[in-house]
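Chain residues, written in single-letter form:
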Amino acid sequence: MDDLIKEFLVESNENLDRLDSELVKLETDPSSQDLLSSIFRTIHTIKGSCGFLGFSKLEKVAHVGESLLSRLRDGKLSLTPDFTSGLLAMVDAIRAMLGEIQTTEQDGKETYPDLIETLNKLQNQGLEAVPKASVEPLTPKEASKKGPGENQKEISAKSILPAPSTAQPEQSHPARPDSPAPSAAAQEETQTAKQLQEDPRTKNAAAETIRVDVHLLDRLMNLVGELVLTRNQITQFSARQSDANLVGPSQQLNLLTSELQEEVMRTRMQPISNVFDKFPRVVRDVATARGKQVLIEMEGKETELDRSLLEAIKDPLTHIVRNSVDHGIEMPDERVARGKRPEGHLKLRACHEGGQVLVEISDDGAGIDTARVKSKAIERGVITAQQATRMSEGEILNLVFLPGFSTAEKVTNLSGRGVGMDVVKTNIDRVNGTVDLQSYPGKGTTIKIKIPLTLAIVRAVIIQSSGKRFAIPQVNIQELVRVDASRIRTEIESVHGVPVYRMRGRLLPLVYLNEELKLAKQADKGVDEEEATNIVVLQANDHPFGLVVDQINDSEEIVVKPLSKQLRALKIFAGATIMGDGKVALILDVVGLAQNANIFSEASDQALAEKTAEALAGQDRSHADMQTFLLFAGPDDSRMALPLSKVARLEEFPAADVEKSGGEWVIQYRGKILPLIRLDVVLEERRTRFRHGHKAVAPDPLQVLVCNDEGRTLGIVVERILDIVDDRAEVKSPAVREGIVYAVVINDRVTELIDVPALQRIAEANRTLSTEHAEVII
Amino acid sequence: MSQSHQFCTFYLDKLMFGVELEKVQEVIRYLEITEIPLAPRVVSGLMNLRGQIITGIDLRRRLDLADRAEGADPMNVVIRSADGAVSLQVDEIGDVVEVTEESFERPPETLQGKVRDVILGIHKLDRRLLHVLNTEKACETAETVTSGGER
């Protein structure tokens, strides 16, 4: 493409972006000659360049706009919302044509006759109705609010008329409101250009600013990434050397590289105003179309973040802003009826917080109706009615992030198209960010987005599993735990085969990395007990879990490289990196890993809640505070318990007294026949000794818990009676098999609570089975 | 005179394949490879090519041929693709050959299996047949990924 045209495109796109915000600003301050002249100049420049480059259609559109503006500037006309809408539509048309030029080098076939007519009409109509229109101008209060000291805070969009009266160019007009995005290069430059043109003090800075191709910056960033890796290699090597001739320069290299990295990263940093500045226009469009009045306030526009991230959050933020105006903020009369000011308030705030960028979007609208969300979710089959009753307000709010969820009663052309908040969440997730939604019914909604400053280089901990190295981004890591070989037995326990680690009284589910990745265990790794266990405590979507690895190495700065398309389906990896020794290592994706290991499947959460409810109901303990438990050793030395209230007596019987009756094992007890249940027979998984072919050595005498269950007396044969304890017995984990109510921590050990009626059922079903083991029992 | 094409040739299990020369970034000897757990079988792993991470595709596996003998290191034909560089792992590298369009033929209808999917056609050389590789197809992994959250 011709260099002249290229430059024209870059410049014009920049100017158009500025026009958007200036036009909206002008609406609040219609008398500002500065703004008017600047707008006029911009259009004039575009028109002039078009004529020169031979884009006649574009020139025509710009021409009508220019003549309308010249009348405004000369005070022959006063600005009304209709004018602004018309001019904004013109900006869109010009932008569409520029997009056309970008791809085809022609200004397209579209001549926009409607738009030109509308603008002409406005010009004439305005001439006739000057006195009437001039009464319209907007509240000076808002304009005066913007004092000179408040240049960060800005109140800019305001639509006073519920809807433009006759001419509605926005809707009749073929160009989409947010058609072709300006080229990346143009975006990159907007800021500099803006500073130059807006702030007279920096005017002479022009000589010190140059335009740089974004690709060049990207390439620089890549090269610096490589340099960092090489630096790491050299530092690793020189750490083992004693020659001062090497150690000195390599330390210097270390410092310089870090500095260079920082500076290059800064060249890619852009203020969030690049995105924020588009919102007054967006808000105005939506508000006007829906007949709402919305004030937008922005804070922290100068907050900087990497341009790739800026790109990534642009769409989600726009979506949230649209949503807030479209669905959040009520109609003016509705607001007045609720005792609020007729105009809604939308506040955007950005700031740095702990190495991350926090963006907050809050409105003072109706808030999210959780009842409606709930009924919608049930209607769409996202959750069942039963589940809904158990969900907390926060959980219900988070349902809006599920795919295909939109609560808008009416699907408008602006938002609520079914691709809603789930897209926002996916996009933010993709850049390792988080979205948090808070809603106060009748008061408003606040959405907080946290995103990292940059994506390219992250600090990561290198771990090893089965001889392979993996990197885990440090932000995901809560802590590192090493369990000594001597403590493994007591501290890593299992809840029905699911390994857990007791960390400060809470059960932390453990995931073995080698199992998740289906890696072969290393041959030299003998019995588990001989080695210490390394646990990396990770957090994925508020669910903590422990990742068991073989080795935890250093933390390092790594350059994240994306995986090629053949591997993108592997959610368990976030990318790859080159290590100090030149080898490639994979970066683990914590959320993907957790999903793979079913850490936060909703089903398991639900199961836990259900079991808890059942257990509590079954025991008639609505307030399960302190309970007395009988602790005993089950098969395989596992800890088990039974509420003491269920146990009538503890007895010892000589093994020889056991008799068989009707396929059931019984004993004579106080003139009655007492049926016996052996836990290791009933709880199938526990019968390791049968599986291994060992002959069970039944303890003699038998230790029996005599229980009364619904009028029936039965005996449960256990290995050993341990203790009677008082414990709060907070439910920690659901049971996955029959015969167990749930698992709790009692006296710092995982203990299973047995379910007597269920044991009885299993015993009955197993009667034939227990016959086979007759010789074992006695 | 019809147009001539240059092909970078290589061998897989005695079969001669070719990739258009302009698609080839470089040919390189064995590079240390990092295997990727749970990845499709066709993907042999990741390699560090002077700071660039490239994905290795084992062409033998892609074509359903028997695996390379233990200890026989593959050669890497690094090709440029829209999605970054990819290395096609082959047995042996051949010469660069120049062919004209006259010698080209569509693959015979009777040719079945994976080979048909990944070749565009055949050039009849003096004593051999040169299979023209469809690089796009060759980089596709037909196998579904073994992991991905659902089990």
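Residues numbered from 1 in each chain as written. Chains lettered and ligands numbered in written order. Predicted model: local features only at pLDDT ≥ 70, side-chain atom pairs only at ≥ 80, totals over all residues.

Draft legend 1. Region of interest: the overall build of chain A. The helix and strand tally for chain A stands at 28 helices and 31 strands. Per-residue burial over chain A gives 38% buried out of 778 residues. For chain A, the proportion of contacts with a sequence separation of at least 24, taken over those separated by at least 6, is 69%. (Helix = DSSP H or I, 4+ residues; strand = E, 2+ residues; numbered from the N terminus. Buried ≥ 20, exposed ≤ 12 C-beta atoms within 10 Å, placed from the backbone. Contact = placed C-beta atoms within 7 Å.)

Draft legend 2. Structural detail: the overall build of chain B. Along its length, chain B carries three helices and 12 strands. Across the 151 residues in chain B, those meeting the buried criterion constitute 35%. Restricting to contacts in chain B with at least 6 residues of sequence separation, those with at least 24 account for 57%.

Draft legend 3. Highlighting the interface of chain A and chain B. Of the residues lining the interface, 24 residues belong to chain A; the matching set on chain B comes to 23 residues. When residues of the side of chain A that touches chain B are traced back to their parent elements, those giving at least two are α10 (214-238), β18 (573-578), β19 (584-588) and α22 (590-596) of chain A. When the residues that make up the side of chain A that touches chain B are grouped by side-chain class, the tally is 12 nonpolar, six polar and six charged. (Nonpolar A, V, L, I, M, F, W, Y, C, P; charged D, E, K, R; others polar.)

Draft legend 4. How the structure looks around the confidence of the model for chain A. All names here are of chain A. Of the residues in chain A, 76% reach a pLDDT of 70 or more, and the chain-wide mean stands at 74. Long-range and interchain partners of residues 686-696, a stretch whose pLDDT sits below 50, account for 13 contacts in this model, where long-range means more than four residues apart. Contacts of residues 774-778 to residues separated by more than four positions or lying in other chains number nine contacts, the stretch itself having pLDDT below 50. (pLDDT = per-residue confidence, 0-100.)

Draft legend 5. Quick look at the sheet that holds strand β11 (residues 119-124) of chain B. All names here are of chain B. Taken in spatial order, the six strands make up an open sheet running β9-β1-β2-β12-β11-β10, and their pairing is mixed. Strands at the two margins of the open sheet, each flanked by one partner only, are β9 (92-100) and β10 (104-105). Pairing of strand β1 (residues 4-12) with β9, which is carried by seven bridges, proceeds in the antiparallel orientation. Among the inter-strand pairings, Y11 is bridged to a residue of β9, identified as E92. (Pairing = 2+ DSSP bridges.)

Draft legend 6. Structural context of the confidence of the model for chain B. Residue and element names in this part refer to chain B. Averaged over chain B, the pLDDT score is 83; the fraction of residues at 70 or greater is 92%. Confidence scores differ between elements of chain B, with helix α2 (residues 114-118) showing the lowest mean pLDDT of 79 and strand β2 (residues 15-20) the highest of 91. Here residues 143-151 is modelled with pLDDT under 50, and outside its nearest four sequence neighbours on either side it reaches 17 contacts, counting other chains as well. If you check the scores for this complex, the pTM reads 0.47 and the ipTM reads 0.85.

Draft legend 7. Geometry of the environment of A:E651. Residue and element names in this part refer to chain A. Take E651: it is sitting in strand β22 (residues 647-653). Taking the C-alpha atoms as reference points, E651 and V706, 55 residues apart in sequence, are found 7.1 Å from one another. The contact partners of E651, leaving out residues within four places of it in the chain, are V704 and V706.

Draft legend 8. Molecular detail of helix α26 (residues 756-765) of chain A. Residue and element names in this part refer to chain A. Along α26, the residues that are buried comprise V756, L759, Q760 and A763. Looking straight down α26, one finds its buried side chains confined to an arc of 100 degrees; they lie on one side. Seen from the open side of α26, the exposed residues pointing more than 90 degrees away from its buried face are P757 and A765. Looking at the buried side of α26, the elements it contacts are β25 (672-678), α24 (679-682), β26 (702-709), β27 (712-718) and β31 (749-754). (Arc of directions from axis to C-beta.)

Draft legend 9. View of the sheet that holds strand β10 (residues 468-473) of chain A. Residues and elements named next belong to chain A. Taken together, the five strands give an open sheet; going across it, the order is β17-β9-β10-β19-β18, and neighbouring strands pair in mixed fashion. Strand pairing shows two members of the sheet lacking a second neighbour, β17 (551-559) and β18, which therefore form its edges. Across this sheet, the average inter-strand angle for adjacent strands is 35 degrees, counted without regard to direction. Relative to β19, β18 is paired through five bridges, and the arrangement is antiparallel. Residue pairing for β19: I578 is matched across the bridge by V584. Packed onto the sheet, α10 meets β9 (457-465), β17 and β18 and runs at close to 145 degrees relative to β17. (Axes fitted to C-alpha atoms, helices over the stretch in contact; angles between N-to-C directions.)

Draft legend 10. The arrangement of the nonpolar core in detail. All names here are of chain A. Core analysis: the biggest nonpolar cluster contains 116 residues, and I472, L547, L588, I677 and I716 have the highest contact counts within it. Ranked by the residues each element gives to this core, the list is headed by strand β30 (residues 740-746), at seven residues. Discounting residues that sit within four places of it in the chain, L588 has contacts with F470, A471, I472, I572, F573, A574 and L593. (Core = buried A, V, L, I, M, F, W, Y, C linked by C-beta atoms within 7 Å.)

Draft legend 11. View of the packing of helix α1 (residues 3-28) of chain A against helix α4 (residues 81-104) of chain A. Residues and elements named next belong to chain A. Look at α1 against α4: their axes get within 10 Å of each other, and the N-to-C directions meet at 165 degrees. Viewed along their axes, α1 and α4 adopt a mutual orientation that is roughly antiparallel. Judged by the sense of rotation from one axis to the other, the crossing of α1 with α4 is left-handed. Counting all contacts with α1, which are made through I5, L9, S12, N13, L16, L19, D20, L23 and E27, the residues of α4 involved are P81, T84, L87, L88, V91, I94, R95, L98, I101 and Q102. (Parallel < 35°, antiparallel > 145°, perpendicular 65-115°, else oblique. Left-handed = near helix turned anticlockwise from the far one by under 90°.)

Draft legend 12. Looking closely at the pairing of strand β21 (residues 639-643) of chain A. All names here are of chain A. Here strand β20 (residues 627-633) runs beside β21; their pairing, made up of five bridges, is antiparallel. In the sheet register, L631 faces β21, and the bridge partner there is A641. Count of turn residues in the β20/β21 antiparallel hairpin: five residues, of which D636 carries a positive phi of about 60 degrees. Pairing geometry for β21 and β31, over two bridges, is parallel. Paired with A641 across the bridge in β31 is L753.

Draft legend 13. Structural context of the environment of A:R73. All names here are of chain A. Tracing the backbone shows R73 in helix α3 (residues 56-73). Taking the C-beta count within 10 Å as the criterion, R73 has 16 such neighbours and is therefore assigned partly exposed. Sequence spacing of R73 and Q33 is 40 residues, and the spatial spacing of their C-alpha atoms is 7.0 Å. The residues contacting R73, other than those within four sequence positions of it, are L36, S37 and F40.

Draft legend 14. The arrangement of the pairing of β27(A) in detail. Residue and element names in this part refer to chain A. The buried fraction of β27 amounts to five of the seven residues, a majority that puts the element mostly inside the structure. The sheet contact formed by β26 and β27 spans seven bridges and is antiparallel. Of the residues in β27, the one forming a bridge with Q703 is V718.

Draft legend 15. The arrangement of α10(A) in detail. Residue and element names in this part refer to chain A. Taking 1.5 Å per residue as the helical rise, α10 with its 25 residues ought to reach 36 Å, and the 36 Å between its terminal C-alpha atoms agrees with that figure. Among the residues making up α10, those that are buried are M221, V224, G225, V228, L229, R231 and N232. Lining the buried residues of α10 we find α11 (244-267), β9, β17 and β18. (Expected span 1.5 Å × (residues − 1).)

Draft legend 16. Geometry of unusual backbone geometry. Although it is not a glycine, A:S466 adopts a positive phi angle of roughly 45 degrees. Its location among the elements puts A:S466 in the loop between β9 and β10. In this structure A:S466 comes out as partly exposed when scored by C-beta crowding, with 17 C-beta atoms within 10 Å. Phi is positive for B:L38, close to 70 degrees, though the residue is something other than glycine. In this fold, B:L38 is placed in the loop between β4 (33-34) and β5 (43-49). Given 19 C-beta atoms within 10 Å, B:L38 falls into the partly exposed group.

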